[in-house]
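Understanding the architecture of this molecule
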Amino acid sequence: GPKVLQIPSHQIIDMGQMVTLNCDPVSNHLYFYWYKQILGQQMEFLVNFYNGKVMEKSKLFKDQFSVERPDGSYFTLKIQPTALEDSAVYFCASSLGVNQDTQYFGPGTRLLVL
Amino acid sequence: GEQVEQLPSILRVQEGSSASINCSYEDSASNYFPWYKQEPGENPKLIIDIRSNMERKQIQELIVLLDKKAKRFSLHITDTQPGDSAMYFCAASVGGGSNYKLTFGKGTLLTVTP
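Summary of the structure given here. Remember, it's a predicted structure, so these values are computed and weren't measured experimentally. (Residues numbered from 1 in each chain as written. Chains lettered and ligands numbered in written order. Predicted model: local features only at pLDDT ≥ 70, side-chain atom pairs only at ≥ 80, totals over all residues. Heavy atoms only, no water.)

Some words on the state of the cysteines
- In total, this model carries two disulfides over all chains according to the counting rule given.
- Disulfide partner of Cys23(A): Cys92(A), at an S-S distance of 1.8 Å. Its S-S torsion of about -65 degrees marks the bond between Cys23(A) and Cys92(A) as left-handed, since a negative value means left-handed. Remark: Cys92(A) occurs in strand 9 (residues 88-95) and Cys23(A) occurs in strand 3 (residues 19-24); sequence separation between them is 69 residues. With respect to burial, Cys23(A) and Cys92(A) carry one shared label: buried.
- The disulfide that involves Cys23(B) links it to Cys90(B), with 2.0 Å between the sulfurs. Because the torsion about its S-S bond is -100 degrees, the bridge between Cys23(B) and Cys90(B) counts as left-handed. Taken together, the positions of Cys23(B) in strand 3 (residues 19-25) and Cys90(B) in strand 9 (residues 86-92) put the pair 67 residues apart, joining distant regions of the chain.
- Take Cys23(B): its relative accessible area is 3%, and that puts it in the buried class. (Disulfide = S-S within 2.5 Å. Helix = DSSP H or I, 4+ residues; strand = E, 2+ residues; numbered from the N terminus. Buried < 20%, exposed > 50% of the residue type's maximum accessible area, 1.4 Å probe, protein only.)

Observations regarding the pairing of strand 5 (residues 45-51) of chain B
Residues and elements named next belong to chain B.
- As defined by bridge partners, strand 4 (residues 32-38) adjoins strand 5 across six bridges and the pair is classed as antiparallel. Counterpart to tyrosine 36 in the pairing with strand 5 is leucine 46.
- In sequence, strand 4 turns back onto strand 5 through a hairpin of six residues, with glycine 41 there showing a positive phi of about 75 degrees. (Pairing = 2+ DSSP bridges.)

Focus: the sheet that holds strand 8 (residues 75-79) of chain A
All names here are of chain A.
- Pairing is antiparallel across the open sheet formed by four strands, whose spatial order is 1-3-8-7. Two strands bound the open sheet, and with one partner strand each, they are strand 1 (5-7) and strand 7 (65-68). The average angle at which neighbouring strand axes cross in this sheet is 20 degrees, direction not considered.
- Pairing between strand 3 and strand 8: five bridges, direction antiparallel. Following the sheet pairing, cysteine 23 is matched in strand 8 by phenylalanine 75. (Axes fitted to C-alpha atoms, helices over the stretch in contact; angles between N-to-C directions.)

Concerning unusual backbone geometry
- Of note, the bond from Ile7(A) into Pro8(A) is cis; its omega dihedral lies within 30 degrees of zero at -5 degrees.
- Examined against the element boundaries, Pro8(A) turns out to sit in the loop between strand 1 and strand 2 (10-13).
- Note that the residue after Leu7(B), namely Pro8(B), is joined by a cis bond; omega there is -5 degrees.
- If you trace the backbone, Pro8(B) turns up in the loop between strand 1 (4-7) and strand 2 (10-14).
- Phi is positive for Asn51(A), close to 55 degrees, though the residue is something other than glycine.
- Mapped onto the elements of the fold, Asn51(A) is located in the loop between strand 5 (43-50) and strand 6 (53-57).
- The phi angle at Gln60(B) is positive, at roughly 55 degrees, despite the residue not being glycine.

Everything listed here is a matter of geometry and, on its own, says nothing about what the molecule does.
Next comes the structure, spelled out in C-alpha cells:
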C-alpha cells in the first residue's frame, strides 16, 4: 500500500536544542498531519497542513512547534526549543483528501529529550 | 472537540474465538471511523474503516458496526489468530471537508492465546 517515510527513525537531543523531524508523504497526497504518541497511549493530533498552510492545530501544538513543506520537499515538524515533555514518538500521516479520508501513517520518529 | 472512548483496554481471547472492541464518540458531525492495528515499535496500520452512510462493513474476519443514533461503533474479529495480537485503536473524524483530523481512542491491547 501507500508508504509514508520518516527521517530519522530515532533522535536523542539535549533539552533546549532544536530538532527537525522529516516526513516524505505519499506522492499524490494533499493533506499532511503530525500526531504525537507517548509510550503506551494513543496517537494525539498535533496539526494538519494543506496547500502550504496550517489548517488546524491542537493545544498540544505549542508555540515552539512549527511545520512547513518548502517546495514540495519533506513535510517537517520543527521543535525549538525542545522540552523534556516533548519526548514521544511523532507520526506523520498523509491523505489524498477531497473525500478520500484514509490517513496513512509513517513509521514514526522516536524523540528523546534529555 | 471530539472525544472517543474505547473499551476494553485489555482483551485476552483464545485462538479461534471472537474478539469485540467498542468505541463511542461525542461529535454527531463525525462521519468517518477507521480502525488501526499497531504492533510494538511499528506504525499504525489501517485495517478497516466505515463511513456514516453504512451500518456494517466486513473484510474477511473483520466486521465493523456503526450505530449513529447511539454514537457507537465496534470492531469484531472472528476466528482470532495469534497474529491478531496487537494494539487496536478506533478513531473518529469529520471527513469530507478541508480539515481532517483523527481523534483516537486510548487503545485495546488484544492478546490471542493458542
